[in-house]
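Overview (structure and organization)
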Amino acid sequence: MLRRIAALRPPPPTTTRAAAPVGEAGAGASYSSKSTSLPQKQQRVRDHAFDGIMEVQKRVRRFLALNALLLYAASPTAFSSSPGGESGAGAVSVPFSRLGALSRRQLRLKPLDAGHFMLRHPHAFHLFLHPVHRILHARLTPRAAAALRLEADAIASSRPAAVLRLRKLLLLAPPHHRLRLEHIRLLRRDFGLPDDFADSIILSNPALFRLTPDQFVEFVPSPTTDPPDLTVAAVERSRERHYREHRSPGAGEEDARFAFPTRFPPGFKIGKYFRIAVWKWQRLPYASPYADVSGHDLRSLEAKRRMEKRAVAAVHELLSLTVEKRTTLERLALFRDALGVPKKIKEFLLKYQGIFYISTRGNQGKLHTVFLREAYYKGELVEANEISAARRKLEELLLMSREKANLDRMFTSMGRGWDELGGGRRGGEELREKFLGDASGRKRKIGAEDDDDDADSGEDSGVESLYIE
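The structure contained in this document is the topic of the report that follows. (Residues numbered from 1 in each chain as written. Predicted model: local features only at pLDDT ≥ 70, side-chain atom pairs only at ≥ 80, totals over all residues. Heavy atoms only, no water.)

**Focus on the overall build of the protein**
From N to C terminus, the protein includes 20 helices and eleven strands. Across the 469 residues of the protein, 46% fall into the buried class. With an accessible surface of roughly 24500 Å², the protein has 53% of that area assigned to carbon and sulfur atoms. (Helix = DSSP H or I, 4+ residues; strand = E, 2+ residues; numbered from the N terminus. Buried < 20%, exposed > 50% of the residue type's maximum accessible area, 1.4 Å probe, protein only. Areas by Shrake-Rupley, 256 points an atom, 1.4 Å probe, with all protein chains shown as cover.)

Encoded structure:
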């Protein structure tokens, strides 16, 4: 009887404290665990400086998607043969009805989204009633076309640097040093490659690249043209530069030999044992991301730890090769096998929030952008280049206020084009009320909440997200 009563008693409360998870935004990250190894799972802590960058990039992606549709609607054959087509883009005008239909079908935009975005950015798009056809047309403004030409000229002038970046990217895939052409094509904007890079870079340099019949790009050794530091990682250069500039007597050379620049996001509170874990990880030796480790014995726990740090170095190197030191997690997953990154790549990068940052702004939280923390300071690139400076001009154009544009003339010239802009009389009246005011003359304030830039912009539509968990 006593045994039955004892079995019915509730178990005594446990006294062990669970580790507090890393909080979002305002909540800090505190670890009460006494383990001196890095936690396997961490929640993301927001960094508003990087999220602010992605708020601007939402407009840039929408602008580039609509400009691509504008060029395609003007001449599908010419667009397919030359996808860049930025030269002379400002003179191309197409009926807005066709542009709106393409945006709804290919970009999955709502009926009013395309017209609403163009009206909110009059410095980039010009809407007018065609003098002959008497229907509403859309085209780029001369300033927007000049910004696109500036970026195209910057990409063309930095072609030697793009060739070097592409060769280093292929070297990150040992032992065969080959990658799929389609995967490189999806990464071409991040690497500053021209749209026709397959012809202008790969096929034009047979002594440096080889394009196989199964559409793989292979690295061709060229000792005479390659610089001697081709296989030196960017973190090794920055580590040596920092050590030379800040070297002091008694400084621990062993602590800096394999260390990564680390800066945790605001609100990320580090406990004593977590700080010890980071210190132990920084001292852990690892093989270069350019080294071939296929023949090594990786069964021991120590070898697995070193391979994990090597994967961090490989992702660090790939982000360092990009023009703006960032790329999407979906594109990074395409190179998972080549870089030696685990399958759960998002969980893996969140483990090292002092080195990388993952932003979920854009495409309704489905688009993840990975930033290299050390390359940014207060939301700005530390070392800007010609391509990033040209793209900055386009961002500034899209951020200009509508109040600085003379919209009266454009709105007056549109005439009955409001109905075409809204896809019908009801939609036209809604847009007219937003931008011109209702019967009493009151305008509705247009803010960020009215701009549905989180809709699918069509970017990365062909990329599978199987490895994003």
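**Observations concerning the nonpolar core**
Core analysis: the largest hydrophobic core is formed by 65 residues, its most contacted members being Phe209, Leu332, Leu339, Leu349 and Phe356. At eight residues, the largest contribution of residues to this core is made by helix α13 (residues 301-321). Here this core gathers at least three residues from each of two domains, domain 1 (49-73 + 91-142 + 396-436) and domain 2 (147-395). Excluding its chain neighbours within four sequence positions, the residues that come into contact with Phe356 are Val312, Val315, His316, Leu319, Leu349, Val370, Phe371, Leu372 and Arg373. (Core = buried A, V, L, I, M, F, W, Y, C linked by side-chain atoms within 4.5 Å. Domains from an automatic or database assignment. Contact = heavy atoms within 4.5 Å.)

**Thoughts on the pairing of strand β3 (residues 136-140)**
For β3, the buried fraction is high: four of the five residues fall into the buried class. Taken together, the three bridges between strand β1 (residues 93-95) and β3 define a ladder with antiparallel strand orientation. In the strand pairing of β3, Val94 is matched with Ala138. Of the strand pairs in this sheet, strand β2 (residues 125-129) and β3 are connected by five bridges, and their pairing is antiparallel. Bridge pairing in β3 links His126 to Arg139. Linking β2 to β3, which pair antiparallel, is a turn of six residues; within it Arg134 sits at a positive phi near 60°. (Pairing = 2+ DSSP bridges.)

**Quick notes on the environment of Arg44**
In this fold, Arg44 is placed in the loop between α1 (2-8) and α2 (48-74). Given the relative accessible area of 8%, Arg44 is considered buried. Sequence separation between Arg44 and Phe268 is 224 residues, and the spatial gap between their C-alpha atoms is 9.6 Å. At 3.1 Å, the side chain of Arg44 and the side chain of Tyr357 are in polar contact. A polar atom in the side chain of Arg44 sits 3.2 Å from the side chain of Thr360. (Polar contact = N/O pair within 3.5 Å; in protein donor to acceptor, adjacent residues only side chain to side chain.)

**A word on the pattern of salt bridges**
In this structure the tally under the stated criterion is 24 salt bridges. Of the charged contacts in the structure, one is a salt bridge between Asp195 and Arg188, with a shortest N-O distance of 2.9 Å. Take Asp195: its relative accessible area is 33%, and that puts it in the partly exposed class. When its relative accessible area of 22% is taken as the criterion, Arg188 is described as partly exposed. (Salt bridge = Lys/Arg side-chain N within 4 Å of Asp/Glu carboxyl O.)

Function cannot be read off these values alone, since they describe shape.
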